[in-house]
Amino acid sequence: MCLREVAEKVKGCCKCDLCKVRKNPVPGEGDEGAEVVFVGEAPGKEEDEEGRPFVGRAGRLLRSTISQIGFKKYYITNVVKCRPPGNRTPTEEEVEACKPYLIEELNCIRPKLVVALGRTAAEALLGLKGPLKGVRGKVLVASAGGARVKVLVTYHPAAVLRNPKLKEQFVSDLKKAFNEVYKQRSLFDSG
Ligand code: URA
Ligand code: SF4
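As named in an unreviewed UniProt entry, the protein chain is Type-4 uracil-DNA glycosylase, taken from Ignicoccus hospitalis. UniProt's Catalytic activity (unreviewed entry) comment on the protein chain is quoted here verbatim: "Hydrolyzes single-stranded DNA or mismatched double-stranded DNA and polynucleotides, releasing free uracil."

A. Representation of the overall build of the protein chain in the model. The helix and strand inventory of the protein chain stands at eight helices and six strands. Written out in order from the N terminus, the α and β elements of the protein chain read α-α-β-β-α-α-β-α-β-α-β-β-α-α. In terms of overall dimensions, the protein chain is globule-like: its C-alpha atoms have a radius of gyration of 15 Å, near the 16 Å expected for 191 residues. For the C-alpha atoms alone, the extent of the protein chain along its principal axes is close to 50 × 35 × 30 Å. Expressed as a percentage of the 191 residues in the protein chain, the buried residues total 52%. Of the contacts made within the protein chain by residues no fewer than 6 positions apart, 70% connect residues no fewer than 24 positions apart. Accessible surface, the protein chain: about 9,400 Å² in total, of which carbon and sulfur atoms supply 50%. Looking at charge distribution, the protein chain has the averaged site of its 34 positive side-chain charges lying 5 Å from that of its 24 negative ones.

B. Just unusual backbone geometry, in detail. Positive phi outside glycine occurs at phenylalanine 54, with the angle close to 50°. Considering the arrangement of structural elements, one finds phenylalanine 54 in the loop between α3 (45–50) and α4 (57–69). When its relative accessible area of 5% is taken as the criterion, phenylalanine 54 is described as buried. Despite not being glycine, arginine 110 has its phi angle at roughly 50°, a positive value. The topology assignment puts arginine 110 in the loop between α5 (92–109) and β4 (113–117).

C. The arrangement of the pattern of salt bridges in detail. All told, the structure shown has 13 salt bridges when counted by the stated rule. The salt bridge partner of lysine 20 is aspartate 17, with a shortest N-O separation of 3.1 Å. Aspartate 17 shares its class with lysine 20; the two are exposed. Glutamate 105 is paired through a salt bridge with lysine 81; the nearest N and O atoms lie 2.7 Å apart. Here lysine 81 lies in the loop between β3 (74–78) and α5 and glutamate 105 lies in helix α5, a separation of 24 residues in the sequence. The exposure class of glutamate 105 is buried, given its relative accessible area of 2%. By sharing partners, the salt bridges in this structure join Glu29, Glu50, Arg52 and Arg63 into a single network.

The rules we used
Residues numbered from 1 in each chain as written. Chains lettered and ligands numbered in written order. Predicted model: local features only at pLDDT ≥ 70, side-chain atom pairs only at ≥ 80, totals over all residues. Heavy atoms only, no water. UniProt positions renumbered as here; feature names shortened; annotations may be inferred. Helix = DSSP H or I, 4+ residues; strand = E, 2+ residues; numbered from the N terminus. Rg over C-alpha atoms; globule rule 2.2 N^0.38 Å. Buried < 20%, exposed > 50% of the residue type's maximum accessible area, 1.4 Å probe, protein only. Contact = heavy atoms within 4.5 Å. Areas by Shrake-Rupley, 256 points an atom, 1.4 Å probe, with all protein chains shown as cover. Lys, Arg positive; Asp, Glu negative; His and termini not counted. Charge placed at Lys NZ, Arg CZ, Asp CG, Glu CD. Salt bridge = Lys/Arg side-chain N within 4 Å of Asp/Glu carboxyl O.

See the structure below:
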């Protein structure tokens, strides 16, 4: 119920100018009882067209890695719920306008772990600035609307597509996230 209310608010939202250029708002998607929440940056072209998060090329990489590793109940969302024109990075104002929805989603779900995909998510959740190097792959603690939440930062899957050398690290970060959430090793580790 809680998540549905957030999704309804997102669908009717015009708190920033992105609502004027989006085709469809893109609320998060997944299980209310999710153990883990994956947070991207903002919808891209396919997401804008379908109104669903991570359904393009980067999304296919993310979703296939999630299922290979064996995550059970998860939720996928973005810091910003409407597509910035030409996939530019969302502005600070857009992030500030939209972030309350992410905080509400996290408060509905209360996941064991949040996986921040890329710099925008890491900045929004942890207040970090600058390169991911130094925080990637570590379990950190953030405050989300008063509640504490564990956050693991990794690369954005679109960065992995641009630079395949990052793939191994990306997969091992998601395995680490699996470990953290289920306190067991992914079956994928033995393969
Ligand atoms: N990139 C993102 O950050 N989010 C999506 O939903 C799709 C691509
Ligand atoms: Fe509202 Fe977020 Fe869309 Fe801006 S990006 S209009 S704040 S839902």
